[in-house]
Protein chains: 2
Amino acid sequence: MYGKDLQTLVQYLAKLPGLGPRSGRRAALHLLKHREDLMHPLIEALTLVRERIRSCGLCGNYDTTDPCQLCKDPGRDDHLVCVVESVADLWALERAACFRGRYHVLGGTLSVLEGVQPEDLKIPQLLRRLQQTGIQEVILALNATVDGQTTAHYLADRLEEAGVQVTALAHGVPIGGELDYLDDGTLSAAIRARRNLVA
Amino acid sequence: MYGKDLQTLVQYLAKLPGLGPRSGRRAALHLLKHREDLMHPLIEALTLVRERIRSCGLCGNYDTTDPCQLCKDPGRDDHLVCVVESVADLWALERAACFRGRYHVLGGTLSVLEGVQPEDLKIPQLLRRLQQTGIQEVILALNATVDGQTTAHYLADRLEEAGVQVTALAHGVPIGGELDYLDDGTLSAAIRARRNLVA
């Protein structure tokens, strides 16, 4: 129906997260319809990223420089390290602009089912960072999933041995959230972690 | 937060149909995580498509050759032409493998609101094809939208003048469809076009 080249493109586009065979075809047709203003610049952007973007050897973020801009920024607090599962989580925290310390990207979570061991993640590197630098507090900003929380517990034990303060993100009602739509786990966590409004 | 190159890539990925800023970021991170098995082959596939794929001068399909394989195929019926809005629709009909004639891709629909005139679509080319070749029947396989049906009515008038038989896709209950979930328009069309089961 359509040539091998186009078929190959559809196949690879379909492998992008959020796309499948049907949306892969739609994306390919959209690219063919917008050669000048989308296909050409996308090829250029992909090629530049392939050539220039590296994983930061220190924190695991993606950047053109190694160490990355976040690790090199003299304005950030060296005593505070935020541990996240993925670069996507790091980006989410940076968008929120609520944290001015350093980061450490684990690259996943521990998982018995999938056989992910501490050595498969950047956990040894994290422990080495603790010994070499003056880190005082590690914030565990892992996802509130079973694997995320298992990893957090494991890390909390290891980090306590290393003698640093270990904290974790608060659980509770999301800002703008309605109680009626929240799951029981979140509501229980919010009740347990209730705070005094009047001192 | 992340370099300019990566930001540019995210922006272009977000322009693909079905993706937005968030899924564009996810796609970029996925590509960085799968350099060898996705990013490199995707760049290669895009480059090949950019270099090789052209629009067929006769029917409007995309292919490496012009005329395309479908137009050149000696096994297809030259007397029958199926008019579709887009290449995606042509591909959908080819997947169904229910039609062995030729195609004609309009490249859109007439639209008063968006100012799309017959000359903006491949309608003059269709009328020329009718004069030059032995087309006997034109099947209007346009979408069952307001603009699609407006275009079908306009084409039906023009094609009747040209002296060919004009047909359109049947409306009715989709195979596997449940009446309770169908809209009123489809149900009315299915009732109006009811057929004799016993001859």
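Structural data are supplied above this passage.
These notes cover the structure that comes with them. (Residues numbered from 1 in each chain as written. Chains lettered and ligands numbered in written order. Predicted model: local features only at pLDDT ≥ 70, side-chain atom pairs only at ≥ 80, totals over all residues. Heavy atoms only, no water.)

### Notes on helix H6 (residues 123–132) of chain A
Residues and elements named next belong to chain A.
Then comes step 1: Listed in full, the buried residues belonging to H6 are Ile123, Leu126, Leu127, Arg129 and Leu130. One face of H6 carries all of its buried residues, which in axial projection span an arc of 155°. Of the residues in H6, the exposed ones pointing more than 90 degrees away from the buried face are Gln131 and Gln132.
Then comes step 2: For H6, the elements touching its buried residues are strand E3 (77–84), strand E4 (101–105), strand E5 (137–140) and helix H7 (146–161). (Buried < 20%, exposed > 50% of the residue type's maximum accessible area, 1.4 Å probe, protein only. Helix = DSSP H or I, 4+ residues; strand = E, 2+ residues; numbered from the N terminus. Arc of directions from axis to C-beta. Contact = heavy atoms within 4.5 Å.)

### As for the side chain of glutamate 94 of chain B
Then comes step 1: The residue glutamate 94 of chain B is located in helix H5 (residues 87–96) in this model.
Then comes step 2: Exposure remark for glutamate 94 of chain B: the relative accessible area of 15% places this residue in the buried category.

### Observations regarding the interface of chain A and chain B
Then comes step 1: The interface of chain A with chain B comprises 48 residues on the first partner and 48 residues on the second.
Then comes step 2: In this assembly, chain A packs against chain B so that about 5,100 Å² is buried in total across both faces, 73% of it on carbon and sulfur atoms.
Then comes step 3: Taken together, chain A and chain B are joined by two salt bridges.
Then comes step 4: Among the ionic pairs, arginine 52 of chain A bridges to aspartate 5 of chain B, the shortest N-O distance being 3.2 Å.
Then comes step 5: For the interface between chain A and chain B, the tally reads six residue pairs in polar contact (both at pLDDT 80 or more).
Then comes step 6: Those elements that provide at least two residues to the side of chain A that touches chain B are helix H1 (4–13), helix H2 (21–33), helix H3 (35–52), strand E2 (62–63) and helix H5 (87–96) of chain A.
Then comes step 7: In terms of residue count, H3 of chain A provides more of the side of chain A that touches chain B than any other element does, 15 residues in total.
Then comes step 8: Residue composition of the side of chain A that touches chain B, by class: 27 nonpolar, eight polar and 13 charged. (Buried area = accessible area lost by both parts, 1.4 Å probe. Salt bridge = Lys/Arg side-chain N within 4 Å of Asp/Glu carboxyl O. Polar contact = N/O pair within 3.5 Å; in protein donor to acceptor, adjacent residues only side chain to side chain. Nonpolar A, V, L, I, M, F, W, Y, C, P; charged D, E, K, R; others polar.)

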